[in-house]
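Coordinates in review
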Amino acid sequence: MKIEKSQRLKQLPPYLFKEIDRQKTVMRAKGADIIDLGVGDPDLPTPAHIIEALQSAALDPANHRYPSYTGMASFNRAVAGWYKRRFGIDLDPESEVITLIGSKEGIAHIPLAFINPGDVALVPSPGYPVYDISVQFAGGRSVSMDLTADNRFLPDLDAIPADVAQSARLMFLNYPNNPTSATAEGDFFDRVVAFAAKHEVIVCHDAAYSELAFEGYRPASFLQSDGAREVGIEFHSLSKTYNMTGWRLGFAVGCKAVIQALGQVKSNIDSGAFQAVQLAGIAALEGDQECVAQMRNTYMQRRDLLVGGLRELGLHVEKPRATFYLWIAVPDGYTSAQFATHLLTRAGIVVTPGNGFGAPGEGYVRMALTVDEKRLAEALERMRGTGF
Ligand SMILES: *Cc1c(COP(=O)(O)O)cnc(C)c1O
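Overview of unusual backbone geometry
In this structure, the amide linkage connecting Y175 to the following residue, P176, adopts the cis form with an omega of -10°. The amide bond that connects N178 to the next residue, P179, takes the cis arrangement and shows omega of 10°. Looking at the secondary structure, you find P179 in the loop between β5 (168-174) and α8 (186-199). Unusually for a residue other than glycine, S181 sits at a positive phi of about 65°. Here S181 is to be found in the loop between β5 and α8.

Okay, structure coming up:
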């Protein structure tokens with residue numbers, strides 16, 4: 001029998017990291033010592049008090065049964081409490097909070113709630129690939145909002161053509177931003193709310209990096225803008241804040257009708273996050289936040305080391321105020337892919353070519369600060385030896 005894939009899979013864009021992955025495999029097979037700055041996955045362990053909460057919760061048979069698909073009441077209350085402390089916003093834990101099996105799960109499912117075949121969603125480019133692909137899976141059409149250095153990597157809302165704005169049903173945003181590490185302030189979110197209300201576009205703000213900011217900078221919540229709660233939701237994740245990427249726990253908060261519809265999709269697809277993981281999540285959100293301060297400090301030191309070293313090598317890179325990514329302009333004479341290949345084959349360093357996040361990312365590579373300072377120093381040393 002011939003196994004035929006659906007159109008939805010066949011029409012996916014080619015996987016742009018395939019060539020880098022292939023080169024990486026070849027080099028590893030040859031025994032090369034690879035420094036991987038490609039993946040945005042924290043190298044540090046989950047704090048001990050969170051692991052201990054999981055251990056005791058796992059022993060309780062009450063947690064072995066199906067959880068609620070909208071989340072445990074106690075987890076949703078812990079989220080509301082954290083939101084109040086962090087952003088000064090009151091949320092109703094029953095109607096304005098939903099627990100997710102990682103924020104990627106909610107992001108991937110939200111278009112199923114609002115996109116009809118042919119509907120338009122506004123998607124940042126370069127951007128986290130899940131936005132565009134989940135829209136396509138729902139039968140919709142993504143229109144990209146280009147993020148460029150000229151607009152400080154914020155979408156130019158005035159440049160969105162009137163007919164596109166009129167037909168758009170969803171808009172994805174992500175600040176602090178992956179991959180550009182750009183940040184957004186309240187005045188930008190105010191303009192987004194006005195745009196969304198005028199054109200009846202539901203805003204989905206991905207705030208996965210809201211806690212990963214340096215030197216006292218505290219990124220704003222989209223929900224802090226007046227009227228935001230009528231037009232959209234915000235996605236959060238425990239993955240980056242508490243080094244819990246493997247645990248799969250996140251949440252969305254905001255507009256009741258949007259949260260309700262997302263819950264309706266989820267009730268037909270999954271059965272919620274493991275309760276023991278949610279109880280560990282409560283320990284994370286309500287426990288001592290010193291571990292978060294330490295995490296920020298670690299990435300800040302790595303950032304300073306790598307930014308300083310790259311600048312000495314003549315590369316152009318901004319020092320980010322948030323996220324664990326550096327967004328680096330490639331040297332003259334290279335494309336993103338050529339520079340990534342150069343670093344891999346000549347220096348054994350994996351970076352992510354910027355165009356893999358969308359065409360406007362051409363001319364950049366992304367480095368993740370997810371290896372220790374010793375390895376970063378080694379990476380700089382190798383680059384010094386290689387030249388570009
Ligand atoms: C890491 C990341 C997430 C978090 O995903 P989880 O599913 O919560 O682990 C979401 N959005 C962006 C842009 C990310 O980089």
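Structure shown, so let's carry the discussion forward.
Let's talk about the site of the ligand
The ligand sits among 14 residues. The nearest are D206, S237, S239, K240 and R248. At 2.9 Å from an oxygen atom of the ligand is found a side-chain nitrogen or oxygen belonging to N178. One of the side-chain N or O atoms of S239 is found 2.6 Å from an oxygen atom in the ligand. A breakdown of the residues in the shell around the ligand according to their chemical character gives four nonpolar, six polar and four charged.

Focus: the side chain of R302
Counting through the fold element by element, R302 comes out in helix α12 (residues 290-312). Residue R302 is classed as buried on the basis of its relative accessible area, which comes to 3%.

Re the domain arrangement of the protein chain
In terms of domains, the protein chain is made up of domain 1 (7-45 + 291-384) and domain 2 (48-286). Between the C-alpha centres of domain 1 and domain 2 there is a distance of 25 Å. Facing the 33 residues of domain 1 at the interface are 35 residues of domain 2. Counting each side, the surface lost to burial between domain 1 and domain 2 is near 3,000 Å², with a carbon and sulfur contribution of 61%. Considering only the surface of domain 1 that becomes buried against domain 2, R296, R321 and T323 emerge as the three largest contributors, covering 22% of it. On inspection of domain 1 and its partner domain 2, the count reaches three salt bridges. Here R296 ties to E211 by a salt bridge, and the two come within 3.8 Å at their closest N and O atoms.

Re the sheet that holds strand β9 (residues 316-317)
Pairing is antiparallel in the open sheet, where four strands are placed in the order β9-β10-β13-β12. Each edge of the sheet is formed by a strand with only one pairing partner; in this case those strands are β9 and β12 (352-353). By the bridge criterion, five bridges tie strand β10 (residues 325-329) to strand β13 (residues 364-368) in an arrangement that is antiparallel. In the sheet register, A329 faces β13, and the bridge partner there is Y364. Contacts from α12 reach β9, β10 and β13, with the element oriented near 10° to β10. On the sheet, helix α13 (residues 336-347) packs against β12 and β13 and is oriented at approximately 45° with respect to β13.

Analysis parameters
- Residues numbered from 1 in each chain as written.
- Predicted model: local features only at pLDDT ≥ 70, side-chain atom pairs only at ≥ 80, totals over all residues.
- Heavy atoms only, no water.
- Helix = DSSP H or I, 4+ residues; strand = E, 2+ residues; numbered from the N terminus.
- Near = heavy atom within 4 Å.
- Polar contact = N/O pair within 3.5 Å; in protein donor to acceptor, adjacent residues only side chain to side chain.
- Nonpolar A, V, L, I, M, F, W, Y, C, P; charged D, E, K, R; others polar.
- Buried < 20%, exposed > 50% of the residue type's maximum accessible area, 1.4 Å probe, protein only.
- Domains from an automatic or database assignment.
- Contact = heavy atoms within 4.5 Å.
- Buried area = accessible area lost by both parts, 1.4 Å probe.
- Salt bridge = Lys/Arg side-chain N within 4 Å of Asp/Glu carboxyl O.
- Pairing = 2+ DSSP bridges.
- Axes fitted to C-alpha atoms, helices over the stretch in contact; angles between N-to-C directions.

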